[in-house]
Amino acid sequence: MSAYETLRHFADSWGLLAMLVIFLTLCAWPFRPGAKDRNRDAATLIFKDENDGE
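Residues numbered from 1 in each chain as written. Predicted model: local features only at pLDDT ≥ 70, side-chain atom pairs only at ≥ 80, totals over all residues. Heavy atoms only, no water.

Draft legend 1. Local environment of the overall build of the chain. When helices and strands are counted, the chain shows two helices and zero strands. Scaling as 2.2 N^0.38, a compact globule of 54 residues should have a C-alpha radius of gyration of about 10 Å, whereas the chain reaches 21 Å, well beyond that. In terms of principal-axis extent, the alpha carbons of the chain reach across some 70 × 25 × 10 Å. Put simply, the chain has 54 residues, and 4% of those count as buried. With the model as given, the accessible surface of the chain reaches about 5,400 Å², and the carbon-plus-sulfur share is 66%. The distance from the centre of the 6 positive side-chain charges to the centre of the 8 negative ones in the chain is 9 Å. (Helix = DSSP H or I, 4+ residues; strand = E, 2+ residues; numbered from the N terminus. Rg over C-alpha atoms; globule rule 2.2 N^0.38 Å. Buried < 20%, exposed > 50% of the residue type's maximum accessible area, 1.4 Å probe, protein only. Areas by Shrake-Rupley, 256 points an atom, 1.4 Å probe, with all protein chains shown as cover. Lys, Arg positive; Asp, Glu negative; His and termini not counted. Charge placed at Lys NZ, Arg CZ, Asp CG, Glu CD.)

Draft legend 2. Representation of a nonpolar patch on the surface. The grouping of Phe 10, Trp 14, Leu 17, Leu 20, Val 21, Phe 23 and Leu 24 at the surface amounts to a nonpolar patch, some 750 Å² of accessible area in total. Tracing the backbone shows Phe 23 in helix 1 (residues 3-28). Of the residues examined, Phe 23 reaches a relative accessible area of 51% and is grouped as exposed. (Patch = residues over 30% accessible without salt bridge, like charges linked within 9 Å, V, L, I, M, F, W, Y side chains within 5 Å. Salt bridge = Lys/Arg side-chain N within 4 Å of Asp/Glu carboxyl O.)

Draft legend 3. Looking closely at the environment of Phe 31. Positionally, Phe 31 belongs in the loop between helix 1 and helix 2 (36-44). For Phe 31 and Leu 7, which are 24 residues apart along the polypeptide, the C-alpha to C-alpha distance reads 35 Å.

Draft legend 4. Up close: helix 1. With 26 residues, helix 1 extends 35 Å from end C-alpha to end C-alpha; this agrees with the ideal 38 Å at 1.5 Å per step. At Ala 11, helix 1 shows its maximal kink, close to 45°. (Expected span 1.5 Å × (residues − 1). Bend = angle between axes of the 7 residues up to and from the residue.)

Structure below.
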């Protein structure tokens, strides 16, 4: 087997599985229980004024 065929086989099997796991992790990351406050802050950041609190 050549190096190309070996890498191609790896990418077709384990590489694809690794990319799927990373994709699902990144999609689920904002929905974890501890992220509620940070998500709310990020969503309302555009409405904050430079002079808020003064």
